[in-house]
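Okay, here's what each chain looks like letter by letter:
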Amino acid sequence: MPQCHDNPEAYFRALIRPRDDLLLQMEAEADREKIPIVGPLVGELLYILAMVTGAEQILELGTATGYSAIFLARGCHARGGKVVTLENDPAMAARARDNIRTAGYEKVVNVILADALAAMTEMTRQFDLVFIDIEKGDYIRALPHLYERLRPGGLLMADNVSYKGADPFNRAIFADPRWRVVNLYAFLPQHSPEKDAVALAVRL
């Protein structure tokens, strides 16, 4: 029978894609200031999802310093895609704008200072891809708006769904026949936390 690696975490930690100086600086700041970011592995997943879905209109709920928005921008900019990202902390929104400008994506990413739930109620457009990473207890409140904001066949990715606060969301989206969802619990190097789950859901 094939054998798995004795220390799979060390093995997969060594397979993280190298990052540029800006992302490394943002990771160091996040570690120093205890800012929860998705880390390089989930960032790469966001990039891949943006690429393979051909997403041109992307919505992010929860910007923080702009780390995940940069990965999303890199996944969609070549085909003229755009990212709208919502952040309710003025200081974080300002830092995100600076980082996104440094990365060269200020024309791709629109950082909006707003409460994500309130902002979604005022939106009428639909998106190809939505990434949610706000307070986990708000996921369930966001779910009806997420359905409206995603086009049919659009992809939703939710971070931190192993948190207890995300349980109502997990159960609701699993039971809703308008969605197909899979929860992936995994080791996610430099994610916050490193052992967590993400949910991927298609809006039917």
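Structural data are supplied above this passage.
Conventions and cut-offs
- Residues numbered from 1 in each chain as written.
- Predicted model: local features only at pLDDT ≥ 70, side-chain atom pairs only at ≥ 80, totals over all residues.
- Heavy atoms only, no water.
- Helix = DSSP H or I, 4+ residues; strand = E, 2+ residues; numbered from the N terminus.
- Pairing = 2+ DSSP bridges.
- Axes fitted to C-alpha atoms, helices over the stretch in contact; angles between N-to-C directions.
- Contact = heavy atoms within 4.5 Å.
- 1 Å grid on protein atoms, 1.4 Å probe; cavity = no way out; pocket = protein on both sides within 12 Å on 5 of 7 lines; lining within 4 Å.
- Points joined across faces, edges and corners; volume = space filled by probe spheres on them.
- Nonpolar A, V, L, I, M, F, W, Y, C, P; charged D, E, K, R; others polar.
- Parallel < 35°, antiparallel > 145°, perpendicular 65-115°, else oblique.
- Left-handed = near helix turned anticlockwise from the far one by under 90°.

With the exception of glycine, the majority of residues adopt a negative phi angle, and the majority of peptide bonds are in the trans configuration. With omega at 0°, the peptide bond leading from S192 into P193 counts as cis. Examined against the element boundaries, P193 turns out to sit in the loop between β6 (179-187) and β7 (195-203). Despite not being glycine, K34 shows a phi value in the positive range, around 60°. Note that K34 resides in the loop between α2 (21-33) and α3 (39-53).

The next thing to look at is the sheet that holds β6. Strand order across the open sheet formed by seven strands is β3-β2-β1-β4-β5-β7-β6, with mixed pairing between neighbours. Edge positions in the sheet fall to β3 (109-113) and β6, since each of these pairs with one other strand and no more. On average, adjacent strands in this sheet sit at an angle of 15° to one another, irrespective of strand direction. As judged from the five bridges shared by strand β2 (residues 82-87) and β3, these two strands associate in the parallel manner. For L86, the partnering residue across the bridge sits in β3 and is I112. Against the sheet, α3 makes contact with β1 (57-61), β4 (127-132), β5 (150-158), β6 and β7, and its axis sits at roughly 170° relative to β5, the strand it touches most. Lying over the sheet, helix α8 (residues 167-175) contacts β5, β6 and β7, oriented at roughly 140° with respect to β6.

You can see I173 is positioned in helix α8. Setting aside its immediate chain neighbours within four residues, I173 contacts L143, L156, W179, V181 and A201.

So, on to the layout of surface pockets. Approximately 580 Å³ is the volume found for the largest pocket. Looking at the largest pocket, it is lined by 27 residues, and the ones nearest its centre are G62, E87, D133, I134 and E135. Broken down by secondary-structure element, the contributors of at least two residues to the lining of the largest pocket are α4 (67-76), β2 and α6 (116-122). For the lining of the largest pocket, a count of residues per class yields 13 nonpolar, six polar and eight charged.

With their axes 7 Å apart at the nearest point, α3 and α4 run at an angle of 30° to one another. For the element pair α3 / α4, the angle class is roughly parallel. As for how α3 packs across α4, the hand of that crossing is right-handed. Contact residues: α3 offers G39, P40, G43, E44, L46, Y47, A50 and M51, while α4 offers Y67, S68, F71, L72, R74 and G75. Here the contact of α3 with α4 is composed, by residue class, of eight nonpolar, four polar and two charged.

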